[in-house]
Amino acid sequence: MSGLRERFGFLKSGSTPRLSELFAADPDRLANLSLTEQDIYFDFSKTHLTPELIANFVGIAKAMGLDARRDDLFGGRIANPTENRAAEHTAERGEGAPDSVALAKQLHGRMRALIEAIEAGALGDIRHVLHIGIGGSALGPDLLVDALGRDIGRYDVAVVSNVDGAALKEAISGFDPHKTLIVIASKTFTTAETMTNAETALARLAGRRSDCIAITARPDRAAAWGAGHVLPFAESVGGRYSLWSAVGLSLAIRCGPDALSQLRAGAAAMDAHFRDTPLAHNLPVLAALADVWAAHGQGQQTRGVFAYDERLRLLPSYLQQLEMESNGKSVAMDGSPLSAPAGPVVWGEPGTNGQHAFYQLSHQGTRVVPCEFMIARSGHEADLAHQHLLLASNCLAQSEALMRGRSLAEATAIMAKKGLTGAELDRQARHRVFAGNRPSTTLVYPLLTPFVLGQIIALYEHRVFVEGVILGLNSYDQWGVELGKELALALQPILEGKESAAGKDGSTQALVAYLRG
């Protein structure tokens, strides 16, 4: 199961042609390595994939049981064997086991009824919403509200996750305590950071537990805590996949419940494509193959995500959890150690900001960073169309520059025109050489709407799943976050002076002593 090096042995056979050579050798390269699906255009021709490599990878995916694993995912069967449960986020958008889909629709109806009650004033004169969560209970809602809630909404919405008091103080700054609704999202309703922030927010806003809305897979705990309104979601929906459930409430309050419905509809459309399309023409599959090829064919262990869309500025943060918590593993499904790296390091910033920060490394650094560009065909600001044109020009220029580069001869000719000669000409020219041959993909979508954002997020979810199947790991557990939680709980009473630090390592004891003064 874990023999990744053996499974991908064909990747190491011979040197890889340059991108320019691949284009020259195949006049149909763009047609063969691009795909239009549901008005989304995905160009992966500027990677070092070839039709032959794709065929090999598809064979591996089939050998690893991708078809059956995909059927298990959509059928509500066990997809997360270490926790012995299904992964039923697709049921939240209508694609899954019939009973799970029916339950999701029932719970969505409860959420819509609560939103209608809020709008009717049944919970008071609400003008502000404070959404408290962490991880998937905050990253998803924060992305949705920031991306979709800029031009619409009668309510101010703030999302707070960090237990640092500065985050909470900033979030509620300017909120009228008498017009603020507190929403607490926690799958277990025991997450220390979330529950601490909830209690502090109640104290600061002079609120009552009975006025709070709890969103959780443990409604019994929320009721015992005293929440007056509880919106459950299924235990089989993972936290980082939960924005489709009642965890998306803050978007529905800000933009109306139809916005969340449209988001789910976009995801459902991508679900249907992923479920029904042959692997060689399947958008999430092809995106996953580009990742696997970069990591295991090229040894590139990081990927930059650069959305040339200010409304997607929080997408890299969201993807960091989705990808690195899902596939940041070192153990295969059967418990054996993986023999090759899994889970790329994902990071990014919106364009054009990154061009004036870290793109220098992407173009001329010694590390090759596969880049993922995203751009809308149309911007929301119709009165500023010229700025969207400049934005798009920069996006396309970056992928072209990464692939094309600039040779020493070209750089020398440029500097010679400036009057340089001899050794100084050579020295200056070398600083202006770009190696090129650096891979990138480009995703083009229409105007960013709830439907389109749903498509994009679902595309990434399935991409992560496919990569996990090919690598032979479980993408739906996250045991790596548990140890730190356990140790934090043990350290809190030590920092409070209630318990001794004896038994801790010397470094931790010294840090405790320093922090305690």
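All values derive from a computational prediction rather than experimental measurement.

1. Topic: the packing of helix α7 (residues 136–148) against helix α19 (residues 450–471)
In the contact formed by α7 and α19, the axes pass within 11 Å of each other and the chain directions differ by 145°. α7 and α19 meet at a crossing whose hand is right-handed. Residues Leu 143, Leu 144, Ala 147 and Leu 148 of α7 pack against Pro 450, Leu 453 and Ile 457 of α19. Within the contact of α7 with α19, the residues separate by chemical class into seven nonpolar, no polar and no charged.

2. A closer look at the sheet that holds strand β5 (residues 180–185)
Ordered by their spatial adjacency, five strands build an open sheet running β4-β3-β5-β6-β7, and the pairing between neighbours is parallel. Strands with a single pairing partner mark the edges of an open sheet, and in this sheet they are β4 (156–160) and β7 (229–232). Here the strands of the sheet are splayed against their neighbours by 20° on average, with no regard to which way each runs. Where β5 meets strand β6 (residues 213–216), three bridges bridge the pair, whose relative direction is parallel. Bridging from a neighbouring strand, Ile 184 pairs with Ala 214 of β6. Along the sheet face, helix α9 (residues 192–204) touches β3 (128–132), β4 and β5 and points at about 165° away from the line of β5.

3. Details of the sheet that holds strand β1 (residues 34–37)
Strands sit in the order β1-β2-β11-β10-β8-β9 across an open sheet of six strands; the sheet is mixed. Two strands in the sheet have a free side with no partner beyond their single neighbour: β1 and β9 (345–347). When strand polarity is set aside, the average angle formed by the axes of neighbouring strands in this sheet is 15°. As paired elements, strand β8 (residues 302–308) and strand β10 (residues 371–376) share five bridges and run parallel to each other. Residue pairing across strands places Phe 306 opposite Phe 373, the latter belonging to β10. In the packing of helix α14 (residues 315–327) onto the sheet, the strands contacted are β8, β9 and β10, and the crossing angle to β9 comes to about 165°. Running over the sheet, helix α16 (residues 385–404) touches β8, β10 and β11 (440–445) and is turned about 155° from β10.

4. Side note on empty space enclosed by the protein
Enumeration according to the criterion identifies four cavities of 30 Å³ or more in this entry. By volume, the largest cavity amounts to about 110 Å³. In terms of lining, the largest cavity is formed by 16 residues, of which the most central are Thr 47, Ala 290, Ala 294, Pro 370 and Thr 441. Going through the elements one at a time, α13 (283–297), β10 and β11 are the ones with two or more residues in the lining of the largest cavity. The element that contributes the greatest number of residues to the lining of the largest cavity is α13, accounting for four residues. Considering only residue class, the lining of the largest cavity consists of six nonpolar, six polar and four charged.

5. Focus: the pattern of salt bridges
Oppositely charged side chains can form a pair if their charged atoms are brought close together. Scanning the entire structure with this criterion turns up 32 salt bridges. In this structure, the salt-bridge partner of Arg 127 is Asp 125, at a minimum N-O distance of 3.2 Å. Since its relative accessible area comes to 40%, Arg 127 is described here as partly exposed. In this structure, the salt-bridge partner of Glu 400 is Arg 404, at a minimum N-O distance of 4.0 Å. Taken together, the positions of Glu 400 and Arg 404, both in helix α16 and four residues apart, correspond to about one turn of that helix. One connected set of salt bridges, linked through shared partners, spans Asp 291, Arg 303, Glu 323, Glu 372 and Arg 463.

6. What about the pairing of β8?
Across the seven residues that make up β8, a large majority, seven, are buried. Side chains Thr 302, Gly 304, Phe 306 and Tyr 308 of β8 all project onto a buried face; the interleaved residues Arg 303, Val 305 and Ala 307 project onto the opposite face, where all are buried too. Bridge count for β8 against β9 is three bridges, and the pairing is parallel. When the bridges of β9 are listed, Gly 304 appears paired with Trp 347. Once you follow β8 into α14 and on to β9, the crossover reads as right-handed.

7. Considerations on the layout of surface pockets
In this model, the largest pocket occupies a volume close to 1,200 Å³. Looking at the largest pocket, it is lined by 43 residues, and the ones nearest its centre are Thr 188, Thr 191, Val 481, Glu 482 and Lys 485. When contributions to the lining of the largest pocket are tallied by element, the ones reaching two or more residues are α7, α9, α14 and α20 (482–495). Here the element with the most residues in the lining of the largest pocket is α20; it accounts for nine residues. A class-by-class count of the residues in the lining of the largest pocket yields 14 nonpolar, 17 polar and 12 charged. Space inside the second largest pocket adds up to approximately 440 Å³. Taken together, 20 residues make up the lining of the second largest pocket; nearest its centre are Glu 310, Glu 381, Gln 387, His 388 and Leu 391.

8. Let's talk about the nonpolar core
Counting 97 residues, the largest nonpolar core has Leu 49, Ile 213, Ile 215, Leu 249, Met 374, Tyr 445 and Leu 453 as the members making the most contacts within it. With 13 residues, α19 is the single largest residue contributor to this core. Not counting the four nearest positions on each side in its chain, Leu 249 is found in contact with Met 111, Ile 115, Val 183, Ile 213, Ile 215 and Leu 231. Core analysis: the next-biggest nonpolar cluster, separate from the first, contains 22 residues, Ala 201, Leu 205, Ala 222 and Val 230 among them.

9. Some points on α7
Helix length check: α7, at 13 residues, gives a terminal C-alpha distance of 18 Å against a target of 18 Å (1.5 Å per residue), a fit within 8%. Here α7 lies mainly inside the structure; 11 of its 13 residues are buried. Residues Gly 136, Ser 137, Ala 138, Gly 140, Pro 141, Leu 143, Leu 144, Val 145, Asp 146, Ala 147 and Leu 148 constitute the buried set of α7.

10. Some points on unusual backbone geometry
Following Gly 351, the chain continues to Thr 352 via a peptide bond in cis, the omega torsion being 15°. Within the fold, Thr 352 resides in the loop between β9 and α15 (359–364). For Ala 206, which is not glycine, the phi torsion reads 55° and is therefore positive.

11. Overview of the environment of Val 58
Here Val 58 is to be found in helix α4 (residues 51–63). Along the sequence, Val 58 and Ile 470 sit 412 residues apart, while their C-alpha atoms lie 9.3 Å from each other.

12. A word on the packing of helix α12 (residues 257–276) against α19
Remark: α12 packs on α19, axes separated minimally by 7 Å, with the N-to-C direction vectors making an angle of 40°. Regarding the angle of α12 to α19, the classification is oblique. The hand of the α12/α19 crossing is right-handed. On α19, the residues that touch Ala 259, Gln 262, Leu 263, Ala 265, Gly 266, Ala 267, Ala 269, Met 270, Asp 271 and Phe 274 of α12 are Pro 450, Phe 451, Leu 453, Gly 454, Gln 455, Ala 458, Leu 459, His 462, Phe 465 and Val 466. For the contact of α12 with α19, a count of residues per class yields 14 nonpolar, five polar and one charged.

About the cut-offs
Residues numbered from 1 in each chain as written. Predicted model: local features only at pLDDT ≥ 70, side-chain atom pairs only at ≥ 80, totals over all residues. Heavy atoms only, no water. Axes fitted to C-alpha atoms, helices over the stretch in contact; angles between N-to-C directions. Helix = DSSP H or I, 4+ residues; strand = E, 2+ residues; numbered from the N terminus. Left-handed = near helix turned anticlockwise from the far one by under 90°. Contact = heavy atoms within 4.5 Å. Nonpolar A, V, L, I, M, F, W, Y, C, P; charged D, E, K, R; others polar. Pairing = 2+ DSSP bridges. 1 Å grid on protein atoms, 1.4 Å probe; cavity = no way out; pocket = protein on both sides within 12 Å on 5 of 7 lines; lining within 4 Å. Points joined across faces, edges and corners; volume = space filled by probe spheres on them. Salt bridge = Lys/Arg side-chain N within 4 Å of Asp/Glu carboxyl O. Buried < 20%, exposed > 50% of the residue type's maximum accessible area, 1.4 Å probe, protein only. Right-handed = clockwise from strand over helix to strand, strands pointing away. Core = buried A, V, L, I, M, F, W, Y, C linked by side-chain atoms within 4.5 Å. Expected span 1.5 Å × (residues − 1). Parallel < 35°, antiparallel > 145°, perpendicular 65-115°, else oblique.

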